[in-house]
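One-letter residues, chain by chain:
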Amino acid sequence: MINNHIFLKITHTVYYAILAVFCVFSMIHLDKYYIMFQHNIGIILSSMVLIGICYVVWIRVFQKIAERRKNLIPLYFVIFVWMICNALLILKVATPAGWDSFELTHGAQFDFDNARYFVTYPNNVFPTLLLSGWWKGLSFLPISPYRIMVLLNLLCVYIALILLVICADKLGGHTMAYKVAFWSLLIIGTNPCLSIVYTDTMVLPFLVGFLYCLLSIRDLKPSDNMPDKKKSCSYMIYMSLYGGIAALCVVLGILIKPTTIIILISTFIITLISLEFFRWKRKEWIVLFIAICIGVLGYAGVQKIEEPITQRLRREAPEVRAKSPLHYICMGLTEPVEATGGYGSYSQEEVTWTNDHIMDDSYTLKAMERISGKIKDFGFFGLVRHQWNKLVWM
């Protein structure tokens, strides 16, 4: 049986080692990677030193506060003040919206008027519905529809940040919460791209919400003041409640950003490695069953809401088909020579090829042959090099 503490230490060490190698490698070869802004090694290094000093001061200050107070109220106060300042700043930032971001916010305001886009990318129907409902509910505010949707974007980030600090506190105590808060406020909170409304930020509270629910289930303890029968019943109710919310977080997260499914895969791997499955009793399996049922019902409910919209969109654009996962695999194998961005990013060549072949009955076979051809062209070491470059660039 693997000791959970040792497993966590090994995981952290490997993760930070890989991250450090990527950071150093990317700084040495900055000109090799397309990062969409001008860069200067001197400014980067001096900024790192300044951030390091700020980090040490931050930890020292909050550790002294923690000696006097045994809660995180001062930290939450700092986060709250930062959120207000951040929101006022972001609402004044005019960041050019990307293509997808524009289609979502425009579709939310004008009832999915670009049918071709939403038939091509059906995964963006649900987040557009969320934006539409939010905008209509707050349309009385004296700001533009786009800025109202930016508020939802910010709210998602802020909820995720608070939940992340709570999760850090559950996992490693107050010191861990201070560390996570610092890097979250720095990396997420100072990002001007928060004014770009898109699924990458909208999905954050669901990802962290899933983790929060799992940790809450782990920390649940039956009350000692109740009889055994009531104690067991209350325990099951709370476990089922957190399990159901976790399932809904996963389902809604996947509907907003399909790649969210990776959190299920990673959770399964960690649970399997730590041999948690073999310690489960009947209660845990019942809770899992209830959570799956709630997740299925949640997914079915959203599909029922989406169905009339998707049917209407298909009638308006019958000549269009949705992009399949094979399209994105092909795009993921592109090099900067072909792509407008970096390794495995958007490629007009791949979009054109897919549009030319997707209506063919043999599209799946042709796409698989194209993927196979790209992999053969790379060769084993070439593919490893490509994946390395993609990770460094990301």
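Each value, and the rule that gives it
- Residues numbered from 1 in each chain as written.
- Predicted model: local features only at pLDDT ≥ 70, side-chain atom pairs only at ≥ 80, totals over all residues.
- Heavy atoms only, no water.
- Phe/Tyr/Trp six-rings, centres within 6.5 Å; stacked < 30°, edge-to-face > 60°.
- Helix = DSSP H or I, 4+ residues; strand = E, 2+ residues; numbered from the N terminus.
- Buried < 20%, exposed > 50% of the residue type's maximum accessible area, 1.4 Å probe, protein only.
- Core = buried A, V, L, I, M, F, W, Y, C linked by side-chain atoms within 4.5 Å.
- Contact = heavy atoms within 4.5 Å.
- Salt bridge = Lys/Arg side-chain N within 4 Å of Asp/Glu carboxyl O.

**Overview of the packing of aromatic side chains**
- Overall, the coordinates contain twelve aromatic pairs when judged by the stated rule.
- Taken together, a centroid distance of 6.2 Å and an interplanar angle of 45 degrees make the contact between W353 and Y363 tilted. Placement of the pair is W353 in helix 14 (residues 348-357) and Y363 in helix 15 (residues 363-393), with a sequence separation of ten residues. Per residue, the accessibility class of W353 equals that of Y363, and both read buried.
- Ring plane angle 80 degrees and centroid distance 5.2 Å describe the contact between F380 and F381, whose orientation is recorded as edge-to-face.
- Looking at F381, the relative accessible area reads 63%, which means it is exposed.
- Through pairs of rings, three or more aromatic residues link up here, namely Y55, W58, F62, Y178, F182 and W183.

**Describing the nonpolar core**
- By size, the foremost hydrophobic cluster in this structure holds 59 residues, and its most contacted members are W58, L75, I79, L131, Y178 and L313.
- Here the element with the most residues in this core is helix 7 (residues 145-188); it accounts for 15 residues.
- In this structure, I79 is in contact with L161, V165, A181 and L185, ignoring residues within four places of it in sequence.
- L333, W353, I358 and A367 belong to the second-largest nonpolar core, a separate cluster that totals nine residues.

**Section: the pattern of salt bridges**
- Tallying each qualifying case throughout the model produces ten salt bridges.
- The shortest N-O distance in the salt bridge between R218 and D219 comes to 2.9 Å.
- The class for D219 is partly exposed, based on a relative accessible area of 32%.
- Here E350 ties to R370 by a salt bridge, and the two come within 3.0 Å at their closest N and O atoms. Note that E350 is positioned in helix 14 and R370 in helix 15, a separation of 20 residues in sequence.
- Sharing partners across several salt bridges, the network here consists of E349, E350, R370 and K374.

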